[in-house]
Amino acid sequence: MIYQRIEGWVDRVLLVAAILALVVGGALAISGNQQAADLLWAIVTAAVGIRLVVSITIDLIHRQAGVDIIAVLAVIGALIFGEYLAGAVIALMLTTGTALEAYAAGRATRELSALLGRAPRVVHRYEDSTLVTRSIDEVSPGDLLLVKPGEVVPVDGLVAGAAAILDEAALTGESRLVTREEGDQVSSGVVNAGSPFDLRATATAEASTYAGIVRLVKQAQEEKSPSVRLADRYAALFVPLTLAVAGVAWLVSGDPVRALSVLVVATPCPLLLAVPIAIVAGISRAARRGIIVKGGGALETLARAKVLLFDKTGTLTAGRPHVAEVEAGEHLGEDEVLRLAASLDQVSPHVLASAIVHAARERELVLSFPSDVVEKAGAGIEGTVDGRRVTVGVAEFATADATLPTWARELRRRAAIEGTTIVFVGVDGTAVGAIVLDDPIRPETPRAIRSLRRAGVSRIVMVTGDHYAVAEIVGAAIGVDAVLAERAPGDKVEAVRTERADATSPVVMVGDGINDAPALALADVGVAMGARGATASSEAADVVIVVDRLDRLAEAIRLSHRARSIAVQSVFAGMGMSLVAMGFAAFGFLPPVAGAIIQEVIDVAVILNALRALRGGTEQKVVVPGWTETSAALRHEHRELAPHIGRIRTVADRLDTVDPAVAGAELREIRAFLIDDLVPHEELEDRSVFPMLAKAIGSDDATATLHRTHREIFHLARLYARLVEELPDGGPEPDDMPDLRRVLYGLHAILQLHMAQEEELYLGLGDEHPAGAAIPAPGARPDLPTAA
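Quick caveat, the model's predicted, so the values are computed rather than measured.

### Section: the packing of helix 22 (residues 551-586) against helix 23 (residues 592-610)
Line of reasoning, step 1. One can describe the packing of helix 22 onto helix 23 by two numbers: an axis separation of 9 Å at closest approach and a directional angle of 170 degrees. With respect to helix 23, the element helix 22 is oriented roughly antiparallel. On the side of helix 22, the interface is formed by Ile566, Gln569, Ser570, Gly574, Met577, Ser578 and Ala581, while helix 23 contributes Ile598, Gln599, Ile602, Val606, Asn609 and Ala610.
Line of reasoning, step 2. Looking at the contact of helix 22 with helix 23 residue by residue, the class counts come to 7 nonpolar, 6 polar and no charged.

Here is the structure:
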């Protein structure tokens, strides 16, 4: 480190000296004092030559090719043959080349250096009601910390108390603010963009997200890519070629100045500078988007990959259980079933419990705290809630006599077909309802798969431990080429080995869990999704996507393509121009001074070209002004509508198993939901949201399908309303069942498809929303734009 600082200081001094020598020497020459001018130029030429000799010696000590020998020969030749002005120009060329390289390297690694440089060092911890500043290394899980405005969140934790407004751009690359409510997880490395908030630490600094990212970045900076190593070898071969051309030019012409001219224009700077700058710039650009690439080798291999294997759970799907449906029996309503289950599950550490509690809070249900709680592993949990004995778990645990009503048996049969999970809820020994949980496909998955195809991926394989029938449903929905189901971790390794044997290009394995680590290590490129830098998968992977977004994988491939192609362009263009200049110099058309200037122009051109890897490489989203607030409102309304849409199918399934009067009441509730909530929501989208999108896109073609779907929804809603209005007061009769079921199933299917289409379309849109712009207040309900 000390040597590098001294080296940098010397290089800056020599650059200033070369500039001054040319300026002062030029003035002396013009004034007729040529001898003084030559002396000044000779001194600066010799000084730069000595610096080069030292550099070459250090390279040779470290067993690196000393390709600067060409430059040393050019400097010595200028001094021997009395070409002092040429020598001074060469000195300027070399020192400015060094300065350009330092500048370009700094620009290329700016994002990586920024990630390393912004790591927090201290925390503000509550100790006996007093706020004390401590070293970050002293933080333990459970500590209560204060994060002040503008500070980087020091460790992973949960928001405690007031909501936090955060700028997560450093981790995600998205320049908009997000709000985290009390109890929400916050990753270290994000910035507090609002008022001070309290954070309950869940990990030490070393085990937190940001520390893991820093370790990955350091690892990425240490590796030299294959292209850089190849460029070093080519540059070394360039030395004898240059000496041969210079020797032939001298021998044929008898003029040693021609040999000097060849040496001046033959420095292999395009190879030595352009390739590493382009590769590191690509790595830096990826880091800005939340993609940590562990070195140039991984970047270049990723650029050539055509085959991708995905683990399903947590990669193509959310990887977290989600409440898809709440089924209520005859005694309680859906909200009460969910409220009782969530009240009991508040004290359970089970992964399904957190999903149930989250669903209850989304519906804004008021939970009670349970007492006399007993949890039985593999069965469920029971306790007292509001004076009633509540059980949540498997069917046999939730009922006193292990006898399930008809609706429960049908629900369990359907879940077995669809691959969902059911949690039964019992009250005082009787099954009163059930909660259906699934692992939904990520909203961005279909779009990400298409983006991967556009990025050049020709084969996509899904590898999963799930049953074949469930895996086939997911595979067909997202459009993969092959599905490998019921695969254990060892089978995943074998799948990677098989694909590598059959493929003609590198194979990429994408996963997110510990069980994926062996397969990630075996693949040509292993990609860890949503990893935080301290997991087995991130250690085994070559690329770590720290933001939990599948679309960043296609972005990583496009960025690697761009960086590699720019590196190759720079090499061929720069070396081509150098070879042409060598030819002109060998034939006497290019004197040393002009050759030095031309070589400087070539160096600047290839470096600037290499720095293009810092930009581009991403698919541009359609920009819709105000879209951040609008999309937040749409997602809020979609979450509110989702339980009611799920209930449409539930009511259809149980029409002939409940009392006609109960069925009639449920059918009228659905009619009220359609007329009072769903149809107005869709009409508002038609009047305000879709015209906004059409204006931004420049055409209404993108929303034409959604408009058509709205028409069908309105038609089915009107048809259903008429059917319900014609029902007898006592509820539906057997003759009414077929039409009611047909319309209900049709509504459920088209609404599910329509919601998925809208979510996918909306994910592809962006906003002109700057990081500091206003966002809705925490807890406030965002509003859709009103019609013009």
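So, next bit.
### As for the sheet that holds strand 15 (residues 388-393)
Line of reasoning, step 1. Reading across from one edge, 12-17-16-15-14-13 is the order of the 6 strands in this open sheet, with antiparallel pairing throughout. Whereas interior strands pair on both sides, the edge strands pair on one side only; in this sheet they are strand 12 (322-328) and strand 13 (371-376). Put simply, the sheet's adjacent strands are angled 20 degrees from each other on average, direction ignored.
Line of reasoning, step 2. Summarising the sheet, strand 12 and strand 17 (residues 430-438) pair through 6 bridges and their orientation is antiparallel. The residue bridging valine 326 from the neighbouring strand is isoleucine 435, located in strand 17.
Line of reasoning, step 3. The sheet contacts of helix 13 (residues 334-345) involve strand 12, strand 13, strand 14 (380-385), strand 15, strand 16 (421-427) and strand 17, and relative to strand 15 the element is tilted by about 85 degrees.
Line of reasoning, step 4. Against the sheet, helix 16 (residues 406-418) contacts strand 12, strand 16 and strand 17, and its axis sits at roughly 15 degrees relative to strand 17.

### Digging into the packing of helix 24 (residues 627-653) against helix 27 (residues 737-763)
The description of two packed helices rests on the angle between their axes and on the distance between the axes.
Line of reasoning, step 1. With their axes 10 Å apart at the nearest point, helix 24 and helix 27 run at an angle of 160 degrees to one another. In terms of their interaxial angle, helix 24 and helix 27 are classed as roughly antiparallel. Considering how the two elements wind past one another, helix 24 and helix 27 form a crossing that is left-handed. Residues Trp627, Leu634, Arg635, His638, Leu641, Ile645, Gly646, Ile648, Arg649, Val651, Ala652 and Asp653 of helix 24 touch helix 27, and the partners they reach there are Arg741, Leu744, Tyr745, His748, Leu751, Gln752, Met755, Glu758, Glu759 and Tyr762.
Line of reasoning, step 2. Residues of the contact of helix 24 with helix 27, tallied by class, amount to 12 nonpolar, 4 polar and 6 charged.

### Some words on unusual backbone geometry
Line of reasoning, step 1. Positioned with a positive phi, serine 129 is a non-glycine residue whose angle comes to about 65 degrees.
Line of reasoning, step 2. Topologically, serine 129 is positioned in the loop between strand 1 (122-127) and strand 2 (130-135).
Line of reasoning, step 3. Of note in the backbone geometry, glutamate 364 takes a positive phi value of approximately 60 degrees without being a glycine.

### Examining helix 14 (residues 351-362)
Line of reasoning, step 1. Over its 12 residues, helix 14 runs 17 Å from end to end, which matches the ideal 16 Å to within 8%, given 1.5 Å per residue.
Line of reasoning, step 2. Buried within helix 14 are the following residues: Ala353, Ala355, Ile356, Val357, Ala359 and Ala360.
Line of reasoning, step 3. Looking at the buried side of helix 14, the elements it contacts are strand 12, helix 13, strand 16 and strand 17.
Line of reasoning, step 4. Positive backbone phi, at 60 degrees, marks glutamate 364, one or two positions downstream of helix 14.

### Topic: the environment of arginine 649
Line of reasoning, step 1. As for its placement among the helices and strands, arginine 649 is situated in helix 24.
Line of reasoning, step 2. The spacing of arginine 649 and histidine 748 is 99 residues in sequence and 6.1 Å in space, taken between C-alpha atoms.
Line of reasoning, step 3. In contact with arginine 649, other than residues within four places in its own chain, are Arg414, Glu418, Tyr745 and His748.

### Section: the pairing of strand 13
Side-chain positions along a regular strand alternate between the two faces of the sheet.
Line of reasoning, step 1. Pairing of strand 13 with strand 14 involves 4 bridges; the strand directions are antiparallel. The partner of lysine 376 across the bridge, within strand 14, is glycine 380.
Line of reasoning, step 2. Linking two consecutive strands that pair antiparallel, namely strand 13 and strand 14, is a turn of 3 residues; a positive phi of about 80 degrees is found at glycine 378 within it.

### What to know about the sheet that holds strand 11 (residues 307-311)
Line of reasoning, step 1. Strand order in the open sheet formed by 7 strands is 10-22-21-20-11-18-19, and the pairing between neighbours is mixed. Edge positions in the sheet fall to strand 10 (291-293) and strand 19 (482-484), since each of these pairs with one other strand and no more. With direction set aside, neighbouring strand axes in the sheet form an average angle of 20 degrees.
Line of reasoning, step 2. Here strand 18 (residues 459-463) runs beside strand 19; their pairing, made up of 3 bridges, is parallel. Residue valine 463 lies in a different strand from strand 19, and its bridge partner there is leucine 484.
Line of reasoning, step 3. Running over the sheet, helix 19 (residues 489-502) touches strand 11, strand 18, strand 19 and strand 20 (507-511) and is turned about 170 degrees from strand 11.

### Points about helix 13
Line of reasoning, step 1. The terminal C-alpha atoms of helix 13 lie 16 Å apart, and with 12 residues this matches the ideal 16 Å at 1.5 Å per residue to within 8%.
Line of reasoning, step 2. Within helix 13, 10 of the 12 residues are buried, which leaves it mostly tucked inside the rest of the structure.
Line of reasoning, step 3. Within helix 13 the residues assigned to the buried category are Glu334, Val337, Leu338, Arg339, Leu340, Ala341, Ala342, Ser343, Leu344 and Asp345.

### Things to note about the environment of alanine 395
Line of reasoning, step 1. Inspection of the secondary structure assignment puts alanine 395 in helix 15 (residues 395-398).
Line of reasoning, step 2. Once the C-alpha coordinates of alanine 395 and glycine 380 are considered, the two residues, 15 residues apart in sequence, prove to be 9.5 Å apart.
Line of reasoning, step 3. Contacts of alanine 395, omitting those with residues within four sequence positions, involve Leu404, Arg412 and Phe424.

### Some points on the side chain of threonine 96
Line of reasoning, step 1. For threonine 96, the location among the structural elements is in helix 4 (residues 84-108).
Line of reasoning, step 2. Judged by relative accessible area, which is 18%, threonine 96 ranks as buried.
Line of reasoning, step 3. Aside from chain neighbours lying at most four places away, what touches threonine 96 is Leu15 and Glu600.

### Description of the packing of aromatic side chains
Line of reasoning, step 1. Overall, the coordinates contain 2 aromatic pairs when judged by the stated rule.
Line of reasoning, step 2. With centroids separated by 5.8 Å and ring planes inclined at 90 degrees, the aromatic side chains of phenylalanine 81 and tryptophan 250 adopt a geometry described as edge-to-face. Here the residue phenylalanine 81 occupies a position in the loop between helix 3 (69-80) and helix 4, and tryptophan 250 occupies one in helix 8 (residues 226-253), the gap between them amounting to 169 residues.
Line of reasoning, step 3. Given a relative accessible area of 32%, phenylalanine 81 falls into the partly exposed group.

### Observations regarding the environment of aspartate 372
Line of reasoning, step 1. Note that aspartate 372 resides in strand 13.
Line of reasoning, step 2. Distance from aspartate 372 to threonine 384, taken between C-alpha atoms, is 6.0 Å for residues 12 residues apart in sequence.
Line of reasoning, step 3. The contacts of aspartate 372, once residues within four sequence positions are left out, are Glu382, Gly383, Thr384 and Arg389.

### Describing the pattern of salt bridges
Line of reasoning, step 1. Across all of its chains, the model carries 29 salt bridges by this definition.
Line of reasoning, step 2. Two residues, arginine 289 and glutamate 555, come together in a salt bridge whose shortest N-O distance is 2.4 Å. Remark: glutamate 555 occurs in helix 22 and arginine 289 occurs in the loop between helix 10 (269-288) and strand 10; sequence separation between them is 266 residues. Exposure class is identical for arginine 289 and glutamate 555. Each is buried.
Line of reasoning, step 3. With a shortest N-O distance of 2.7 Å, aspartate 386 and arginine 339 are connected by a salt bridge. In this pair, aspartate 386 sits in the loop between strand 14 and strand 15 while arginine 339 sits in helix 13, placing the two residues 47 residues apart along the sequence.
Line of reasoning, step 4. Look at arginine 339 and you get buried, because its relative accessible area is 13%.
Line of reasoning, step 5. Ionic contacts of the salt-bridge type, sharing partners, join the residues Arg125, Glu127, Arg134, Glu138 and Asp143 into one network.

### Considering the side chain of glutamate 682
Line of reasoning, step 1. For glutamate 682, the position within the fold is in helix 25 (residues 660-697).
Line of reasoning, step 2. Here glutamate 682 is buried and forms no salt bridge, its nearest opposite-charge partner arginine 711 lying at an N-O distance of 9.0 Å.
Line of reasoning, step 3. With residues up to four places along the chain from it excluded, the contact list for glutamate 682 reads His710, Ile713, Phe714, Leu751, His754, Met755 and Glu758.

### Here's the deal with empty space enclosed by the protein
The rolling of a water-molecule-sized probe over the atoms marks out the regions of remaining empty space.
Line of reasoning, step 1. Taken as a whole, this structure holds 1 cavity of 30 Å³ or more when the rule is applied.
Line of reasoning, step 2. For the largest cavity, the calculated volume is near 30 Å³.
Line of reasoning, step 3. In terms of lining, the largest cavity is formed by Ala324, Glu325, Val326, Glu334, Arg363, Pro643, Gly646 and Arg647.
Line of reasoning, step 4. Looking at the lining of the largest cavity, the elements with two or more residues in it are strand 12 and helix 24.
Line of reasoning, step 5. Broken down by class, the residue content of the lining of the largest cavity amounts to 3 nonpolar, 1 polar and 4 charged.

What counts, and where the lines are drawn
Residues numbered from 1 in each chain as written. Predicted model: local features only at pLDDT ≥ 70, side-chain atom pairs only at ≥ 80, totals over all residues. Heavy atoms only, no water. Axes fitted to C-alpha atoms, helices over the stretch in contact; angles between N-to-C directions. Helix = DSSP H or I, 4+ residues; strand = E, 2+ residues; numbered from the N terminus. Parallel < 35°, antiparallel > 145°, perpendicular 65-115°, else oblique. Contact = heavy atoms within 4.5 Å. Nonpolar A, V, L, I, M, F, W, Y, C, P; charged D, E, K, R; others polar. Pairing = 2+ DSSP bridges. Left-handed = near helix turned anticlockwise from the far one by under 90°. Expected span 1.5 Å × (residues − 1). Buried < 20%, exposed > 50% of the residue type's maximum accessible area, 1.4 Å probe, protein only. Phe/Tyr/Trp six-rings, centres within 6.5 Å; stacked < 30°, edge-to-face > 60°. Salt bridge = Lys/Arg side-chain N within 4 Å of Asp/Glu carboxyl O. Lys, Arg positive; Asp, Glu negative; His and termini not counted. 1 Å grid on protein atoms, 1.4 Å probe; cavity = no way out; pocket = protein on both sides within 12 Å on 5 of 7 lines; lining within 4 Å. Points joined across faces, edges and corners; volume = space filled by probe spheres on them.

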